Every structure is written in C-alpha cells, then in structure tokens.
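# What the coordinates show
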Amino acid sequence: MINQMNRLILLFSLLLFFSTVSQAALEIDVSEGNLRPMPIAITTVIDKQNEQLGLGLDITKVIASDLAGSGLFYPINPKAFLEEVNSVDRNPNFNSWRVVNAEALFTAELISDNERFRINYKLWDTFSEKSLEANYLVFSKNKWRNVAHMIADTIYTRLTGEKGYFDTQIAFIAESGPKTNRMKRLAIMDQDGQNPILLTSGKDLVLTPRFSPNGKELVYLSYRNGQPQVYIYDIQSKQTYVVGTFPGMTFAPRFSPDGTKIIMSLQEGVGSNLFEMNLSNFDRKRLTNTSDINTAPSYSPDSRNIVFESDKSGTQQLYVMDAGGDNVRRISFGTGSYSTPVWSPRGDYIAFTKISKGRFMIGVMFADGSGERIITDGFHNEGPTWAPNGRVLMFFRESPGEDGGAMIYSVDITGYNERKIETPGYASDPSWSALMN
Amino acid sequence: MIALNKDGTISNVEPVTRDTNGQREVAINAAVRAVLSCAPYEFPIEKYELWREIKFTFDPRNMLGG
Amino acid sequence: MVYKKALNLSVTFLLIFILTGCASTRKNVEQILFGGGNNNEAEIVSNAIPGSSQDFTVNVGDRVFFATNSTSLDDDAKAILERQASWLELYPEISIIVEGHADERGTREYNIALSAKRADIAVSYLESLGIAGDRVETVPYGKERPVAACSSEACWSQNRRAVSVVITEE
C-alpha cells in the first residue's frame, strides 16, 4: 500500500504533530500531504545547427504535453524563466529555477549529422541541486516523436519512481456512419492521439482489438466470413489470419502475457465457454464448461490466473480461476452487474465496467475483489484498458441518442485527470500497448 | 534528519533511509524537497536546543482514501 | 395499443405505417410497422410474391423480441416463430439466417454472446417445430446493428430481437 502512495509526487505539508521529544533530535511524523502536480521547468531543446527545422521546439512541446497530460506535472510557462539555458554542460543556477518554483529542470540539446540526430539531455533536482539523469539518444528524423515520448518517460520515471507510458500506442475501432449501420475500422494511434492510422477498409464489421505484448500484432473480432471469428492482424506486413477454425463463433480474444497464447470465448449452443489456444501448434484447451455466458477473459501478468465474467449467478459477475480452469471463485459482490475485467499489468488491480441502476461505470478492485472504487460514472462508460505502468486507464464513453457515439478517455486510477483523447471521429474499444522502445 | 540554524534556515538535510531503488528513492527525494521548500522554519528561538535537529517521519498512508 | 415492431426492408415496395415515439423522427421509409396476427391498427397492403422474402417479412413476421438481458421466448414470440415454421414448411427449398441482436445497454462482448443465445433459442424453437437444422444459420450482432437509434426503452425494446432473414439466391 505504501508503495502505491509513494509513486505520487508528494509535497508533504507540514501540519505537524509534535510527538515525542527524544534526546537530541525532535521527532515529527508527517502523515498528511498535498497531491498536486509537480512544477517542472522544461527548457526548449537547444538546436544551434538547425534552428529553422524547429525540431528542438517540436520535441520540447511533446515532452511538456506528455508530462502535463499525466496530471502529475505542471510545466512552468517558459516566459517566467529567469535563466536562459545555452548549454547542457554547464550547471544551472539552481536558485533562479527555485525562484520560479521549479522543483525539477530539464535541459537538452540537439546535434545533427546528415540524417542522424543526437539529443543530449539532463534532468535536475533544483532543491537538492543534484543531477537526476544525464543521457542521450540517437535517432533518425522520422522517429522524433518516439524520442520525445521516451525522454518524457524517463523524466516521469526519475520523478515518480514509476515506469512511464508515453512511448505507447492505442489500438481502437474508428467509427463512422449512422448509428443503425456504423462502419467500424481497425485503427492505431499514438497514446496522445497523434498519428492515427486506419488498418481495415470498413467493409467488414470489426470489434475489440487487443495488442500483442510486443506491439506487433492485434487480435480482434471480424465478421469477414459472415460469422464473427477471432483474427490476428500483423501491423508490419498488414496480413490477417484466422485464429483456428471452431464449430461456432469465437470472440472476446486476448493475448497471454508472453504472447504465445490467445484466450477467448467460443459459443457452443446457448452457452459461451473459455478456451486457450496455443499459437505455435494451435492446440486448444477448454477452460470452462457450463451453459452460461463465460466471456471477457484476461490473464494476470504472471499468467497464473484468469479473470473473466460469467452470468452463472443470474447476472454478469467477475470470477477468477487458475490458468488451467480450476478453482473458480467469484470476486464481485457489489450492487449491479460487472463486466469486461482487465488485469493490471502490475498485478494489483482489476479494472471493470459496472452496470448499476441504468448507469455504466468504470472501476477498479483489488484482485481478490476487495477495495472496489468507481473511477467514472455516467450514461455509458465501457471497456477499460491499462497503461503499461498500471497507473492510468483508457476507456470509451458513449453519448446517448440518435447522434450519439463513442469517444476514448484516459483517467488516472485515482479518478483524477480525466482527459478526452482527440480522434478523427467516434472511437471505441481502446487497447493500450506495452512500451514500444 | 535535518539540522537547523538559529534563523530557521537549514544547515543540513540527511535522509535517514537511503535507497537507490526507484520508488523509494523518488519518495525520499520528494520528502527532502518538501523539507527544503518549506524553510525557513519559525520556531521560538529560546528553545533552539529543542529544534536544532529534527527527525521527520514521512508516512503517506493517509493521503489517499484507499 | 400500437405495436412498434419495426422491420428493415429493402425499399422495393411500400407500406402504410404508423410510428410513434422516437422512431418517428427517423427516416422511416425503411422502417414499417409490423401488422401480422390480430393487430388491426396496421393496414397491410401487400402485393408481395408468395414465397418471397417480402412475403415472409410482411405476412409472416420476421422478428421476435426479448426482455432486457432475457433470452426466453414469450407467447408472442412463439406465435411468430410458429408462423415462420409453417411458412418454411410451405417453401422447403428456402433457408434462413437468424440474426441475434441486443440493445445498447450492455457491454460489447457480453451482448455478442447474449445475441448469439437469442438467435440460438429462436432456432431451437423452429427446430422443435420440425424445421431442419441445416436450413437455418445464426449470426450474432450484439449491439452493433440497432434498428432504432434513440436511447430509451422505446428503441431498446425494438433492438432486443432475433430476425429471420430469407436467404435469396443471387
């Protein structure tokens, strides 16, 4: 529990309880604190050779946007800066950064050699006057966004102790057309909504893409042969193949954490049961065998357990079982029904959609079902997906009515910092990739 | 552990716990920044001996509702 | 009482229709009132060719409806499926696809499974009435293909359905 708190940037307020006065030192317990974004000075990447390219400025903007978007940082307006940074090699005048309330300072410079770029960057703690990071990256120009995201990830990690999540992609369904006949297309974009790419034509209805752990493939549902079946899309080669031939519809697919298996539902008569398919030899293993709807499976990150939803109690509820299918136990007991469970990449939480009193909510609970917390609540919120660091969720929110549609949002698991991801049109079914580089 | 001058400014900050593991180090850095950013401290000068050295214990457990 | 059992028809022929609620704000050329059985409020003027999909849709009734999260057939639904079975016995060369659907008040994957179950239960009833299983396929659409787009029970009740579609040879 303490670790979960530590990762937040805390300024411990000094509302103190004088507890015990022992020998020499006064002892003070600080158990209250403020949760507020950490002010950080992000100076423009120095680009002496190529100022006209504006690449240094572009990278700076992406870094600042990533950090601000996390809700944990407050990039200080550069107009307030008292010191101009001309070199990353000289130590900054820490006092002039403290005066503008910067607790951390980022400086960087860009050096280019033909098509290759090198960025040298440093991160400083302005209070302890220590260097927190000094590093460089070499890249070709078309990778500049990745580089900016990677640097933002490093800053995030050094200042929060958490892995970052900025150098990631989102797979989603791009939607267009009337509600009664929506065109749905497989698509990917950067985590910040940039670089959206449509992967399918829209001819076939497609749903529920999920990234493979290495980010190279998507597993998804397509109606390409009339019947809904699970397919894999290879992002590099743009090839598609069906995941096994089954007698009934297959749906609700998800990769295992090592990427070697797919877990999914197979409809058998009136029931839907969970199967695991080995991708190297196409062996299939049955995991449930009931006449209920068993679906939406998700592995724990250690692959030992599977969480899924079942209506065996009469309403949709969440269950955890051993990866082999044994030891099924219900974990959701609140008012209403629970659906779309997704295990956090760090193993602690399970995110879900909860339906209660006609409202659709996104929530999290611990893997044993305790500590349920609702993060957002409204007409229709659905389908959470975890950032690779397990601190941020994306989900989609559908607006009501004939012209209603879905948009993707991100939110911190504390419930703070909800943001809409800008997409070209309606967008649903987000799936967050692992870190790309 | 911090040592204070008589004017309430800080003469030395020394984390009692040291750790190079990411999260704990980050938390320690945050605590040190918090202590530094709140200086100078205003305490009664006649009791300087009492507050010349202060040991802060940071426990963030109460910060979030769980 | 007015039954708003809307159908999707290709626009090749015209019917008189009555629509209320939110559905009336839609372009309703394609949506017509279902008027089979004892429903006197719909006047059906049909010149559909017997044995055609129009004949099936208009004179037999191509769809049954379900309660929220339910997959059970009520008496109305059974009556319609019984008429479908009689019609299919008249035209033994015809096959059908039963599409399962759900309303938008469920999560995507659950709704796919729920709609599959609805289609399957409709097919099982047809089979119990003597229709051979190889004449009937199912396709579950979940909440992906509503016929009525408003966000209230007036539309949701129309969307929770199993629709039998006559397979027409090209």
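Residues numbered from 1 in each chain as written. Chains lettered and ligands numbered in written order. Predicted model: local features only at pLDDT ≥ 70, side-chain atom pairs only at ≥ 80, totals over all residues. Heavy atoms only, no water.

### A word on the overall build of chain B
Helix and strand counts for chain B stand at two helices and three strands. What you see in chain B, going N to C, is helices and strands ordered as β-β-α-α-β. The buried share of chain B, reckoned over its 66 residues, is 38%. In chain B, the proportion of contacts linking residues at least 24 apart, taken out of those at least 6 apart, comes to 52%. About 3,700 Å² of surface is accessible on chain B, with carbon and sulfur atoms providing 48% of the total. (Helix = DSSP H or I, 4+ residues; strand = E, 2+ residues; numbered from the N terminus. Buried < 20%, exposed > 50% of the residue type's maximum accessible area, 1.4 Å probe, protein only. Contact = heavy atoms within 4.5 Å. Areas by Shrake-Rupley, 256 points an atom, 1.4 Å probe, with all protein chains shown as cover.)

### Side note on the interface of chain A and chain C
Across the contact, 45 residues belong to chain A and 31 residues belong to chain C. When chain A packs against chain C, the two sides together hide about 3,000 Å² of surface, and 53% of this comes from carbon and sulfur. Among the residues of chain A in contact with chain C, A:Lys179, A:Thr180 and A:Glu402 are the three that bury the most area, contributing 21% of the side total. In this structure, the connection of chain A to chain C is made through five salt bridges. At the boundary of chain A and chain C, one finds 17 residue pairs in polar contact (both at pLDDT 80 or more). Counting residues per element, the ones that place at least two in the side of chain A that touches chain C are strand S13 (206-211), strand S14 (217-225), strand S15 (227-234), strand S17 (250-255), strand S21 (294-299), strand S25 (337-343), strand S26 (349-356) and strand S33 (426-432) of chain A. Grouping the constituent residues of the side of chain A that touches chain C by class yields 17 nonpolar, 18 polar and ten charged. (Buried area = accessible area lost by both parts, 1.4 Å probe. Salt bridge = Lys/Arg side-chain N within 4 Å of Asp/Glu carboxyl O. Polar contact = N/O pair within 3.5 Å; in protein donor to acceptor, adjacent residues only side chain to side chain. Nonpolar A, V, L, I, M, F, W, Y, C, P; charged D, E, K, R; others polar.)

### Some words on the nonpolar core
The biggest cluster of nonpolar side chains holds 47 residues, and the ones touching the most others in it are A:Ile59, A:Ile63, A:Phe106 and A:Ile119. With eight residues, helix H4 (residues 144-160) of chain A is the single largest residue contributor to this core. Inspection of this core shows a minimum of three residues originating in each of domain 1 (34-160) and domain 2 (169-432) of chain A. Once you skip the residues sitting within four places of it in the chain, A:Ile63 turns out to touch A:Ile42, A:Phe106, A:Ala148, A:Ile151, A:Ala152 and A:Ile155. Of all hydrophobic cores here, the second largest spans 25 residues; its members include C:Ala77, C:Ile80, C:Leu81 and C:Leu88. (Core = buried A, V, L, I, M, F, W, Y, C linked by side-chain atoms within 4.5 Å. Domains from an automatic or database assignment.)

### Here's the deal with the state of the cysteines
Residues and elements named next belong to chain C. On inspection of all chains with the given rule, the structure shows one disulfide over all chains. The disulfide partner of Cys 150 is Cys 155, and the S-S distance across this bridge is 2.0 Å. On the sign convention where negative is left-handed, the bridge of Cys 150 and Cys 155, at about 120° about the S-S bond, is right-handed. For the pair Cys 150 and Cys 155, one class covers both residues: buried. (Disulfide = S-S within 2.5 Å.)

### Observations concerning the packing of helix H2 (residues 55-69) of chain A against H4(A)
Residues and elements named next belong to chain A. Two elements in contact, H2 and H4, have axes separated by 9 Å at closest approach and are oriented at 45°. Comparing their axes, H4 and H2 come out oblique. Like other packed secondary-structure pairs, H2 and H4 cross with a definite hand, here right-handed. In this structure, H2 uses Leu 55, Asp 58, Ile 59, Val 62, Ile 63, Asp 66 and Leu 67 to contact H4, whose residues at the interface are Trp 144, Arg 145, Ala 148, His 149, Ile 151, Ala 152, Ile 155 and Tyr 156. Of the residues assigned to the contact of H2 with H4, the class counts are eleven nonpolar, one polar and three charged. (Axes fitted to C-alpha atoms, helices over the stretch in contact; angles between N-to-C directions. Parallel < 35°, antiparallel > 145°, perpendicular 65-115°, else oblique. Left-handed = near helix turned anticlockwise from the far one by under 90°.)

### Comments concerning the sheet that holds strand S19 (residues 271-278) of chain A
Residue and element names in this part refer to chain A. Spatially, S17-S18-S19-S20 is the arrangement adopted by the four strands of the open sheet, whose pairing is antiparallel. In this open sheet, the two edge strands, each paired with only one partner strand, are S17 and strand S20 (284-286). The sheet shows a mean angle of 25° between the axes of neighbouring strands, taken without regard to direction. Note: strand S18 (residues 261-268) against S19, eight bridges, orientation antiparallel. Residue pairing for S19: Glu 268 is matched across the bridge by Gly 271. (Pairing = 2+ DSSP bridges.)

### Notes on the packing of helix H2 (residues 75-90) of chain C against helix H3 (residues 108-128) of chain C
A pair of packed helices is characterised by two quantities: the angle between their axes and the separation of those axes. Residue and element names in this part refer to chain C. Running from N to C, H2 and H3 cross one another at 55°; their axes reach a closest spacing of 9 Å. On the basis of their axis angle, the class for H2 and H3 is oblique. Crossing geometry of H2 relative to H3 is assigned as right-handed. Side by side, H2 and H3 meet where Lys 78, Leu 81, Glu 82, Gln 84 and Ala 85 of the first sit next to Ala 122, Tyr 125 and Leu 126 of the second. The class makeup of the residues in the contact of H2 with H3 is five nonpolar, one polar and two charged.

### Details of the pattern of salt bridges
Residue and element names in this part refer to chain A. One pass over the full model with this rule turns up 23 salt bridges over all chains. Note that Glu 175 and Lys 184 form a salt bridge whose closest N and O atoms lie 3.3 Å from each other. A relative accessible area of 4% means that Lys 184 is categorised as buried. Residues Glu 372 and Lys 354 are paired through a salt bridge, measuring 2.8 Å at the closest nitrogen-oxygen approach.

### Some words on the pairing of strand S29 (residues 381-386) of chain A
All names here are of chain A. For S29, the tally of buried residues reaches six of six residues, placing the bulk of the element in the interior. Across four bridges, the pairing between S29 and strand S30 (residues 392-398) is antiparallel. Paired with Thr 385 across the bridge in S30 is Met 394. The turn joining S29 and S30, which pair antiparallel and follow one another in sequence, is formed by five residues; a positive phi near 70° is taken by Gly 390.

### Brief notes about the environment of A:Ala367
Residue and element names in this part refer to chain A. Mapped onto the fold, Ala 367 is located in the loop between strand S27 (359-366) and strand S28 (373-378). Separated by 24 residues in sequence, Ala 367 and Trp 343 have C-alpha atoms that sit 7.8 Å apart. If we ignore the near neighbours within four places in the chain, the residues touching Ala 367 are Val 320, Ile 331, Trp 343, Gly 347, Asp 348 and Ile 350.

### A short note on the packing of aromatic side chains
All names here are of chain A. Evaluation of the coordinates by the stated rule reveals 18 aromatic pairs over all chains. Aromatic side chains Tyr 165 and Trp 432 sit 5.6 Å apart centroid to centroid with 85° between the ring planes, which places their arrangement in the edge-to-face category. Of the two residues, Tyr 165 is situated in the loop between H4 and strand S10 (169-176) and Trp 432 in strand S33; the sequence distance between them amounts to 267 residues. Across the pair, exposure class does not vary: Tyr 165 and Trp 432 are buried alike. Taken together, the ring pairs connect Phe 73, Tyr 156, Tyr 165, Phe 166 and Trp 432 into an aromatic cluster. (Phe/Tyr/Trp six-rings, centres within 6.5 Å; stacked < 30°, edge-to-face > 60°.)

### Describing the side chain of C:Thr71
Among the secondary structure elements, C:Thr71 is positioned in the loop between strand S3 (63-65) and H2. The residues contacting C:Thr71, other than those within four sequence positions of it, are C:Phe66, C:Leu114, C:Lys117, C:Arg118 and C:Ile121.

Functional significance is not addressed by these values, which are geometric in nature.
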